[in-house]
Each structure stands twice: as C-alpha cells, then as structure tokens.
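Geometric and topological summary
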Amino acid sequence: MIGATFLTEIVTLASAVSSLFGGDSQTLLSESRPSFSKACQEIASSISSASNVYDPSSLLHDSAKYLEDIFHWTSSSSQYAACSLEPGTAEDIGVALRILGRTRTPFAVKGGGHATNPEFSSTEGVQIAMTRFDEVVYDSKTQTATIGAGLTWDAVYAVLEPYGVNVAGGRIAGVGVAGFVFNTVSVTSYPAHFIQYLVNETHHWSKHLPDDVFGISYDVQPFLPSLFDHNTTPTAYPPSRAQPLYPFNFHFSWRDPKSDQAVYDATRTTAKTLRMLAKQDDQGNAARTVVYPNYGIFDTPLDHLYGEHVPRLQAIKATVDPENVMGLAGGFKI
C-alpha cells in the first residue's frame, strides 16, 4: 500500500486550486487534461433524474459535489476528472458504461476513495462516485445488514450502533466498503526477529529516501482462518483456499511528487526483502502466498495476485467484455 500526503478539507481544496495556478480554476483544470466533455454531456442528457453529472465549473458555484466526487484519501491517487457522475440507480450506471465504451472515454469508480494506487479509482475522464448508494438496512431476524457501495465503514458502524450489533470492516475512518469487506482478527504480538526486520527497513529508508518522506508504517491484517471454509467452488481470489491469508501492509507517506519513483522503488524493494525473510521463517509457505490486491503496488504481476487462474480470468474477460470497456478503468488489468 502506498500513499502521499493527505488532501485537505474540500472547501480548502476548492480555494487552493485557483490560488495554486493563479487563475480561473475551471479554465486551468480543463486545459490540464484531454477533453472528454462530449461523453460527459451525453451521459448528463441520458441518465434519469435520480443521478447527476458535475463538471469543473462546480468549483465556482457548487464546489462540494465535484470535489467530493474526485476526493481521495491520498494525493497519489487523486486526479481532476473531466466530470463526475453520481449514479442513483443501477440502470443509470449501465447507461453511462454504454456511452463510455462507445466513446472510448476513460473512467474510474470510487467507493470511499481510500485506494492509494495512482489511477486505480481516479481518472482524467469520467469519475463515477458511488455516493448515492448509501443505504444500511439491518434485518434482525437474519442478523444481516445490506450496505451500499458508496458508504464508508465508519458510517456503517454509526447506523448499526443503535441496534447493538456491528460488522467487521475497516478499522480507521474513511475506508470504503466497496474495497474492503473481509472479516479480520487482531494480532497481539509479532515474533521479535520480525520486528527487528521492520526496524532495519525503517532505519535504512530513513537515510536513503528524499527528505520529504515523513512516515513509514507497517500493519499486518490476518483474516480469520475460517474465511475460506464456506465455499469449495474455485474462485478468482485467492487462487487456493488451502492456506490462511495474512496480508501485510507497509505504507510510505511523502509530500513531493518528484519523489514518487524513489518511493515506488523503495516499496518494491521492501516487499521483496520481507517476502524473502518470511520465506526463510516458514520453510517456503510464503513463496506460495499471493499478494492481497488491496495492498499490492500498481504494477504487481497478475500471477502474483491470481496465480494459475490468470488464463481462465482472461478468457472470461474476453467473453463478457469483448469490447474491453473495463480496460478503460483503473486497477489491475486482466
């Protein structure tokens, strides 16, 4: 998982755009990216009244909508889109996707905006923000909750709290449910030698990375060992259900985009080092463990995520998406 400095509050960001570039924010943002205005206009005229399209002019008279739609937790995964779409129905999502595919307009889909990889849930084309899918419906008889893809976990917890129930999800504010819906358990301790590995890595990078790198953090997220027991049908991820999944996340924070490449290289090096050390510790089991997609850097090879299932996934993709509409979006490319 990688990240840069946090974006400021929406209102501050709106005023900063103009002062940063020293001119009219709408004009400057339009000039800074390719023109996808025709696709934006066609979507706006084709969707129902349950949905809305916002463009950079919203910076001048309705700053909250457009800026909230493109906002991400880190600046490394933030872009100024030609427009944003807040769909209110599944049908309107279908309408938009057909237009995007026909016009070959890049797009991105954002849940909570907590993705940290560049261009994974952001775009210079059409930003689809799932904000209006925000229902939380609790069924006391089945003890299940139906939650919308546009919610963050802290919002879900707040709605469920009066019922005296909870769900296992994100542990910090702002994590979207669309990208994180696994049960987790807490870790009370790490092996001492593994802690020393992390200390060594931190000391190394504190001396060898640019001065604007201001934070390096580590976190392990062991999922419940029984997570994969409920299903015996082959799944895309993980490629094998025989081994519990314990994703490990290390996070770099930095301020200057000029340091991007140095931090990306450090991320890859750290992952390689820790994987090698883990392999030595558990007699090779780590070598068979796949990368957790939420924590994988943007250029992680597909076989490191999906193993031997990659050819089958590519065949399915060719069948259900022959025009490669989803290739216009971000994320790992099947």
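Scroll up to find the structure this text is about.
These lines cover the structure that appears in this document, whether it is placed above or below. If you're wondering where the values come from, they're calculated on a predicted model, not measured in any experiment.

Let's shift gears to the side chain of H72. If you trace the backbone, H72 turns up in the loop between α5 (63-70) and β2 (83-86). According to the relative accessible area criterion, H72 is buried, its value standing at 0%. Here the side chain of H72 touches S121 through a polar contact of 2.7 Å, side chain to side chain.

Two numbers describe how helix α3 (residues 37-46) lies on helix α6 (residues 90-103): the axes approach to 10 Å, and their chain directions differ by 155°. Between α3 and α6, the crossing angle belongs to the class labelled roughly antiparallel. The crossing of α3 and α6 is right-handed. Together, A39, E42, I43 and S46 of α3 and V95, A96, I99, L100, R102 and T103 of α6 make up the contact between the two elements. Per-class residue counts for the contact of α3 with α6 are 6 nonpolar, 2 polar and 2 charged.

Here we take up the pairing of strand β4 (residues 126-129). On β4, burial covers both faces: V126 and I128 on one face and Q127 and A129 on the other are all buried. Here 3 bridges tie β2 to β4, and the two strands are oriented parallel to one another. Bridge pairing in β4 places S84 opposite Q127. Bridge count for strand β3 (residues 107-110) against β4 is 4 bridges, and the pairing is parallel. In the strand pairing of β4, A108 is matched with Q127.

With respect to topology, 4 strands assemble into an open sheet ordered β1-β2-β4-β3, the strand pairing being mixed. Each edge of the sheet is formed by a strand with only one pairing partner; in this case those strands are β1 (52-54) and β3. Here the average twist between neighbouring strands, direction ignored, is 20°. This element, α3, spans β1, β2 and β4 of the sheet and lies at about 155° to β1.

Before going further, it helps to spend a moment on the state of the cysteines. Formally, a disulfide is one covalent bond, and it connects the sulfur atom of one cysteine to the sulfur atom of another. The tally for this structure, following the rule as stated, stands at 1 disulfide. Each disulfide pairs two cysteine sulfurs, and for C40 the partner residue is C83, the sulfurs being separated by 2.1 Å. Linking C40 and C83, the disulfide has an S-S dihedral of approximately -95° and is accordingly described as left-handed. Of this pair, C40 sits in helix α3 while C83 sits in strand β2, placing them 43 residues apart in sequence. Of the two residues, C40 and C83, both sit in the buried class.

Criteria and thresholds
Residues numbered from 1 in each chain as written. Predicted model: local features only at pLDDT ≥ 70, side-chain atom pairs only at ≥ 80, totals over all residues. Heavy atoms only, no water. Helix = DSSP H or I, 4+ residues; strand = E, 2+ residues; numbered from the N terminus. Buried < 20%, exposed > 50% of the residue type's maximum accessible area, 1.4 Å probe, protein only. Polar contact = N/O pair within 3.5 Å; in protein donor to acceptor, adjacent residues only side chain to side chain. Axes fitted to C-alpha atoms, helices over the stretch in contact; angles between N-to-C directions. Parallel < 35°, antiparallel > 145°, perpendicular 65-115°, else oblique. Left-handed = near helix turned anticlockwise from the far one by under 90°. Contact = heavy atoms within 4.5 Å. Nonpolar A, V, L, I, M, F, W, Y, C, P; charged D, E, K, R; others polar. Pairing = 2+ DSSP bridges. Disulfide = S-S within 2.5 Å.

Purely geometric numbers; function is a separate question.
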